[in-house]
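Here is how the chains run, residue by residue.
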Amino acid sequence: MTAVPRKKSRKGGKDTAKHGGSAANALWGGRFAAGPAAVMEQINPSIGFDRKMYRQDIRGSIAHAGMLAERGIIAREDARAIVKGLKQVEKEIDRGKFEFKVALEDIHMNVEARLNEIIGAPAGRLHTARSRNDQVALDLRLWVRDAIDEIDRALERLQAALIMRAEQHAQTVMPGFTHLQPAQPVTFGHHLLAYVEMAGRDRGRFADARKRLNVSPLGAAALAGTSFAIDPAATAKALGFDTAHANSMDAVADRDFAVEYLAAAALTAVHLSRLAEELVLWGSEQFRFIRLSDAFTTGSSIMPQKRNADAAELTRGKTGRIVGALVALLTVLKGLPLTFNKDMQEDKEPVFDATETLLLSIAATAGMVADMKVNKQAMLAATSGGFINATDLADWLVRKLGMPFREAHHTTGKLVKLAEKRGVALGDLPLEAMRKVDPRITRDVYGVLSVEASVKSRASPGGTAPGNVRLACKEARARFLKARGRQA
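In this report, we go over the structure that sits alongside the text. (Residues numbered from 1 in each chain as written. Predicted model: local features only at pLDDT ≥ 70, side-chain atom pairs only at ≥ 80, totals over all residues. Heavy atoms only, no water.)

1. A few points about the overall build of the protein
As a reminder, the rule being used: Only DSSP runs of H or I covering at least 4 residues are called helices, and only runs of E covering at least 2 are called strands; the numbering of each starts at the N terminus. Our radius of gyration is a C-alpha quantity, and the globule rule it is checked against amounts to 2.2 Å times the number of residues to the power 0.38. Here the term buried applies to any residue with accessible area under 20% of the maximum for its type, exposed to any over 50%, and partly exposed to those in between, with areas from a 1.4 Å probe on protein chains only. Residue exposure ignores everything except the shown protein chains as possible cover, and the areas themselves are Shrake-Rupley values with a 1.4 Å probe. Positive charges come from Lys and Arg, negative ones from Asp and Glu, while His and the chain ends are left out of the count. Charge placement uses NZ in Lys and CZ in Arg. For Asp and Glu, CG and CD serve respectively.
A tally of regular secondary structure across the protein gives 18 helices and eight strands. Compactness check: the protein gives a C-alpha radius of gyration of 31 Å against a globular reference of 23 Å for 488 residues, more than 25% above the reference. Along the first, second and third principal axes, the C-alpha atoms of the protein reach 105 × 55 × 40 Å. Counting over 488 residues, the protein shows a buried share of 47%. Accessible surface for the protein amounts to roughly 24,200 Å². Of this, 53% is attributable to carbon and sulfur atoms. Charged side chains in the protein number 71 positive and 55 negative. The centres of these two groups are separated by 2 Å.

2. Re a nonpolar patch on the surface
As a reminder of what qualifies: Each patch groups residues whose relative accessible area exceeds 30% and which form no salt bridge, using 9 Å between like charges and 5 Å between nonpolar side chains of Val, Leu, Ile, Met, Phe, Trp and Tyr. Salt bridges are identified by distance alone: a Lys or Arg side-chain nitrogen within 4 Å of an Asp or Glu carboxyl oxygen.
A cluster of nonpolar side chains, Leu 267, Val 270, Val 323 and Val 327, forms an exposed patch at the surface whose accessible area comes to about 260 Å². Contributing elements (two or more residues each) for the nonpolar patch: helix H10 (256–282) and helix H11 (310–333). Here Val 323 is to be found in helix H11. On the basis of relative accessible area, Val 323 is assigned to the partly exposed category, the value being 32%.

3. Regarding the nonpolar core
Here is the rule we go by: Remark: nonpolar core denotes a set of buried residues (Ala, Val, Leu, Ile, Met, Phe, Trp, Tyr, Cys) joined through side-chain atoms within 4.5 Å. Contacts are assigned to residue pairs that have any heavy atoms within 4.5 Å of one another.
With 71 residues, the main nonpolar core has Val 144, Phe 188, Phe 206, Tyr 261, Ile 290 and Leu 358 as its most contacted residues. Those elements that provide at least two residues to this core are helix H6 (132–168), helix H7 (188–213), H10, H11, helix H12 (348–371), helix H13 (376–381) and helix H18 (466–481). Other than its neighbours up to four places away in sequence, Phe 206 contacts Ile 148, Ile 151, Leu 155, Tyr 261, Ala 264, Ala 265, Thr 268 and Leu 358. Counting 21 residues, the second largest nonpolar core, distinct from the first, contains Ala 69, Ile 74, Ile 93 and Leu 115.

4. Some remarks on the packing of H10 against H11
Let me state the cut-off plainly: Here, axes are lines fitted to C-alpha atoms. For helices the fit covers the stretch in contact, and angles between N-to-C directions go from 0 to 180 degrees. Geometric relationships in this document are graded by angle, where less than 35 degrees denotes roughly parallel, more than 145 denotes roughly antiparallel, 65 to 115 denotes roughly perpendicular, and other angles denote oblique. Handedness of each helix crossing follows the sense of rotation of the near helix against the far helix: counterclockwise by less than a right angle gives left-handed, clockwise gives right-handed. Gly counts as polar in this scheme, as do all residues outside two lists: the nonpolar Ala, Val, Leu, Ile, Met, Phe, Trp, Tyr, Cys and Pro, and the charged Asp, Glu, Lys and Arg.
It is the contact of H10 with H11, at a shortest axis distance of 8 Å, that shows an interaxial angle of 160°. By the angle class used here, H10 and H11 are roughly antiparallel. As for the relative orientation of H10 and H11, their crossing is left-handed in sense. Along the lines of polarity and charge, the residues of the contact of H10 with H11 split into 20 nonpolar, three polar and three charged.

5. Notes on the packing of aromatic side chains
Our working rule: Only the six-membered ring of Trp is used, alongside the rings of Phe and Tyr, when aromatic pairs are assigned; centres must lie within 6.5 Å, and planes under 30 degrees apart are stacked while those over 60 apart are edge-to-face, with the rest tilted.
Across all of its chains, the model carries six aromatic pairs by this definition. Both rings, one in Phe 188 and one in Trp 282, keep their centres 5.3 Å apart while their planes meet at 75°; by these two values the pair is edge-to-face. Residue Phe 188 is located in helix H7, and its partner Trp 282 is located in helix H10; the two are separated by 94 residues in the primary sequence. Summarising the burial analysis for this pair, Phe 188 and Trp 282 share the class buried. On the basis of an interplanar angle of 55° and a centroid distance of 5.9 Å, the ring pair of Phe 206 and Tyr 261 is categorised as tilted. Remark: Tyr 261 occurs in helix H10 and Phe 206 occurs in helix H7; sequence separation between them is 55 residues. Comparing Phe 206 with Tyr 261 shows no difference in burial state: the two are buried. Here the aromatic cluster, defined as three or more aromatic residues joined through ring pairs, consists of Phe 177, Phe 287 and Phe 289.

6. With respect to helix H3 (residues 54–70)
Heads up, the condition is: Here the expected span of a helix is defined as 1.5 Å times the quantity of residues minus one.
Over its 17 residues, H3 runs 24 Å from end to end, which matches the ideal 24 Å to within 8%, given 1.5 Å per residue. Here H3 lies mainly inside the structure; twelve of its 17 residues are buried. Where H3 is concerned, the buried positions are Tyr 54, Gln 56, Asp 57, Ile 58, Gly 60, Ser 61, Ala 63, His 64, Ala 65, Met 67, Leu 68 and Ala 69. On its buried face, H3 is in contact with helix H2 (47–50), helix H4 (76–94), helix H5 (107–119), H6 and helix H8 (232–238).

7. Notes on the pairing of strand S3 (residues 173–178)
Convention followed: The rule for pairing is simple: two strands pair if DSSP sees at least two bridges between them.
Bridge analysis of S3 against strand S4 (residues 181–187) gives six bridges, and the strand direction is antiparallel. Bridge pairing in S4 places Met 174 opposite Val 186. Connecting S3 to the antiparallel partner S4 that follows it, the hairpin turn spans two residues, and His 179 within it adopts a positive phi of roughly 55°.

8. With respect to the pattern of salt bridges
By the definition in use, this model includes 26 salt bridges. The partner of Asp 78 in a salt bridge is Arg 125, with the nearest N and O atoms 3.0 Å apart. Here Asp 78 is found in helix H4, whereas its partner Arg 125 is found in the loop between H5 and H6, with 47 residues between them in sequence. Arg 321 serves as the salt-bridge partner of Asp 353, at 2.5 Å between the closest nitrogen and oxygen. On the criterion of sequence distance, the pair formed by Asp 353 in helix H12 and Arg 321 in helix H11 is long-range, its members being 32 residues apart.

See the structure below:
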């Protein structure tokens, strides 16, 4: 990468970087006599990504200015000017009329510099009793909190789509798999509701992380607190936090909330990936259980017959980015002494990228669930192989003949072997052949050997029976969607 060119000073010809018309050391006061090395102008700034937090930064500054005025630390007229100026800055950024300057390093200094241009001297009072350390900790907490709320809404929409399709297919029979081998008949609605439960746990994890996140670090200053008579509880309340920090060092050093958030995001992405994998399988020529429309598939550059489930495959693939974001942040934090270290600037890009990626993946998954056309005939046909009703036969032997289950399992195994040898399904074995294995078997056994009878019999709590599925859809709607009045 080419180094950012540095400007020459008119006095003495020395190399000094410019910051909005002032020398580099103006940012840090009188401590530094020379500007930074050229490479610092590339490695040090974060404005390229932390500009995403401008709303949170301005929100925190407005609360801070209000508290300073209430405590008599700055004049009320100065606070009013600051708030008015900050709102103007926010409008400029919203409208794309704000010039972000790399030389000013980050969103905090960009906002403050523009505020100074708008209102002059009062802008310099805003940073009283505050450090960029507690400011950035605050901004990221607010940003993650907002992201959690957005993800929760997105997951709710996904659950709504899944519940709607589950209700439509409460009695659509398909094979249930273990080890990717046909195991027992289930209903497609029951299968989809499993992902509703996963998404519910995901939402619970995000909500749980939000509770621990909801502590304000503002007022911790650089690390030791401040000598000004501030009121951290007031800014915490103004910003919607449950409480203010208990320890100033922890307040600026803590990024647990970001790790928890990424952990919840990673597991959510894994759940989406599992569903994406099933959509890929179900849509393949070997399964033909579903068909995705042109809206969620692509063709091949060489094979005109192809319909590739790219949306599902990309959702599956993007999981690595989100899991990687979690690992990246854990690695950044693992060796840091208290309190703030510049390494912590690396906390934001993983959080931002994981959030954008997850929201895109959730939206794509909800779209595919709503879009897919279900091939009931193919699903039903797939239940004809693999002796998928063997457990039903074993259960019948226990219920009707009083066999211990292990004996019933052994007897059923013999019958499966016999059917396999004859090349027929269990339900096609003649009664006489069955009686040679156990003479107590009666014609009633055929009543449990259809897949429709199998799923209907699975009426235990949480089971796959169509009646269960319809009730589960109703209960899931009440648990997960009712809070916001959403309907599946």
